[in-house]
Amino acid sequence: MSSEGEVAFFRFLRVELKKASEFYENTVKQMDLRRKRMSEGVLQLKSGPTVKQSNDERTHSFLVAACIKFYKELVLLENFAIMTYCGFSKILKKHDKMTGHRTREHFMQRCVNGQPFTQHERTIALIKEVEAVYAELPAMLVEATAPLLDADGSDEGAATPQAAAPPATA
């Protein structure tokens, strides 16, 4: 492994590994911020004013759409982590096949396995959290739009939760 080509190959591989790790870490930080914003929206919907006093149904629809988009992006991030790991493994496997060296196992254990994208538990936890919030949303809308009584005790202005129920797909 002392040839210039080998040294350049592994130097380049380490640079790419660092870029992938930094991208993953930065994206997870962004996803954490988005989760906080989503949680704030859920709290607003849970503890906010009634439908007569605000637009809870619009807030709910926005939250459902944001939840679905966030979920899709988290799944893409999880796929990135898996595909990046597999990509490094395949590159090294091809390298070993072409050179006759046995560097794949050592490089994977020493350099790749310790990277943040190989232990993507935080991403999986975020996915589960979004799934739980999405499962709660229909119940929150029913609570937020339950028939409200006017000052005179009638329910003329009561909201109809059936009309705004979100689709059951994620």
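Here the residue numbering is sequential within each chain, running from 1 through the sequence in written order. Given that this is a predicted model, residues contribute local features only at a pLDDT of at least 70 and side-chain atom pairs are listed and counted only at 80 or more, while totals for whole chains, interfaces and linings are drawn from all residues. To get the side-chain values, all heavy atoms of the structure are used, and hydrogens and water are removed first.

Engineer: Teacher, can you tell me more about helix 3 (residues 104–112) here?
Structural biologist: It helps to recall that an α-helix has 3.6 residues per turn; residues three or four apart then point in one direction. Using a 1.4 Å probe on the protein chains alone, a residue whose accessible area is under 20% of its type maximum counts as buried, one over 50% counts as exposed, and one in between counts as partly exposed. Secondary structure is summarised from DSSP: a helix means a run of H or I of at least four residues, a strand means a run of E of at least two, and numbering begins at the N terminus for each. Within the span of helix 3, buried status applies to Phe-107, Met-108, Cys-111 and Val-112. The arc enclosing the buried residues of helix 3, seen along the axis, measures out at 105 degrees, which places them on a common side. Across from the buried face of helix 3, at angles greater than 90 degrees, the exposed residues are Glu-105, Gln-109 and Arg-110. Working definition: the arc comes from the directions between the helix axis and the C-beta atoms, pointing outward to the latter.

Engineer: What should I look at first to understand the pattern of salt bridges in this one?
Structural biologist: Working definition: two side chains of opposite charge can pair if their charged atoms are close together. Should a side-chain nitrogen of Lys or Arg be within 4 Å of a carboxyl oxygen of Asp or Glu, the pair is scored as a salt bridge. Evaluation of the coordinates by the stated rule reveals four salt bridges. Asp-32 is the salt-bridge partner of Arg-122, the closest N and O atoms lying 2.6 Å from each other. Residue Arg-122 is located in helix 4 (residues 121–144), and its partner Asp-32 is located in helix 1 (residues 4–47); the two are separated by 90 residues in the primary sequence. The exposure class of Arg-122 is partly exposed, given its relative accessible area of 34%. One salt bridge connects Glu-129 with Arg-35, and the closest N-O pair in it is separated by 3.5 Å. Residue Glu-129 is found in helix 4, and its partner Arg-35 is found in helix 1; the two are separated by 94 residues along the sequence. On the basis of relative accessible area, Glu-129 is assigned to the partly exposed category, the value being 26%.

Engineer: Teacher, can you tell me more about the packing of helix 1 against helix 3 here?
Structural biologist: Between two packed helices, the angle of one axis relative to the other and the distance separating the axes together describe the packing. At a minimum axis separation of 12 Å, helix 1 and helix 3 run at an interaxial angle of 40 degrees. As summarised for this structure, helix 1 and helix 3 are arranged oblique, according to the angle between their axes. Judged by the twist between their axes, the crossing of helix 1 over helix 3 is right-handed. Between helix 1 and helix 3, the residues in contact are Phe-10, Leu-13, Arg-14 and Leu-17 and Phe-107, Cys-111 and Val-112, respectively. Note on geometry: axes are C-alpha line fits, over the in-contact stretch for helices, and angles between N-to-C directions span 0 to 180 degrees. For this classification, under 35 degrees means roughly parallel, over 145 means roughly antiparallel, 65 to 115 means roughly perpendicular, and everything else is oblique. Put simply, a crossing is left-handed when the front helix is turned counterclockwise from the back one by less than a right angle, and right-handed when it is turned clockwise. In this analysis, two residues are considered to be in contact whenever any of their non-hydrogen atoms come within 4.5 Å of each other.

Engineer: Looking at this structure, how should I read the confidence of the model for the protein chain?
Structural biologist: Do not read the fine detail of predicted coordinates wherever pLDDT is low. Predicted confidence across the protein chain gives a mean pLDDT of 80, with 74% of residues reaching 70 or more. Averaged over each element, pLDDT in the protein chain is lowest for helix 4 (81) and highest for helix 3 (95). A low-confidence stretch, residues 50–54 stays under pLDDT 50, and its non-local contacts, those more than four residues away or across chains, total 13 contacts. Per residue, pLDDT measures the predictor's confidence, with a range of 0 to 100. The model gives residues 144–170 a pLDDT under 50, and that stretch makes 36 contacts with residues more than four places away or in other chains.

Engineer: Help me understand the environment of Thr-84 in this model?
Structural biologist: Inspection of the secondary structure assignment puts Thr-84 in helix 2 (residues 56–99). With 67 residues separating them in the primary sequence, Thr-84 and Leu-17 have C-alpha atoms 8.8 Å apart.

Engineer: How do you make sense of the packing of aromatic side chains when you look at a structure like this?
Structural biologist: Any aromatic ring pair is given by two values, namely how distant the centres are and how the planes are angled relative to each other. In this analysis, rings of Phe, Tyr and Trp, with Trp reduced to its six-membered ring, are considered paired at centre separations within 6.5 Å, and the interplanar angle assigns stacked below 30 degrees, edge-to-face beyond 60, and tilted for intermediate values. Applying the stated criterion across every chain, the model contains four aromatic pairs. Ring centres of Phe-10 and Phe-107 lie 5.6 Å apart, and the angle between their planes is 45 degrees; on these two criteria the pair is classed as tilted. Linking Phe-10 in helix 1 with Phe-107 in helix 3, this pair joins segments that are 97 residues apart in sequence. A residue is classified by how much of its surface remains accessible, and Phe-10, at 8% relative accessible area, is buried. Its relative accessible area of 4% is what places Phe-107 among the buried residues. When the centroid spacing of 4.9 Å and the interplanar angle of 65 degrees are considered together, the rings of Phe-23 and Phe-80 count as edge-to-face. Of this pair, Phe-23 sits in helix 1 while Phe-80 sits in helix 2, and the two are 57 residues apart along the sequence. Among the residues examined, Phe-80 registers a relative accessible area of 26% and is labelled partly exposed. Among the aromatic residues, ring-to-ring pairing joins Phe-9, Phe-10 and Phe-107 into one connected group.

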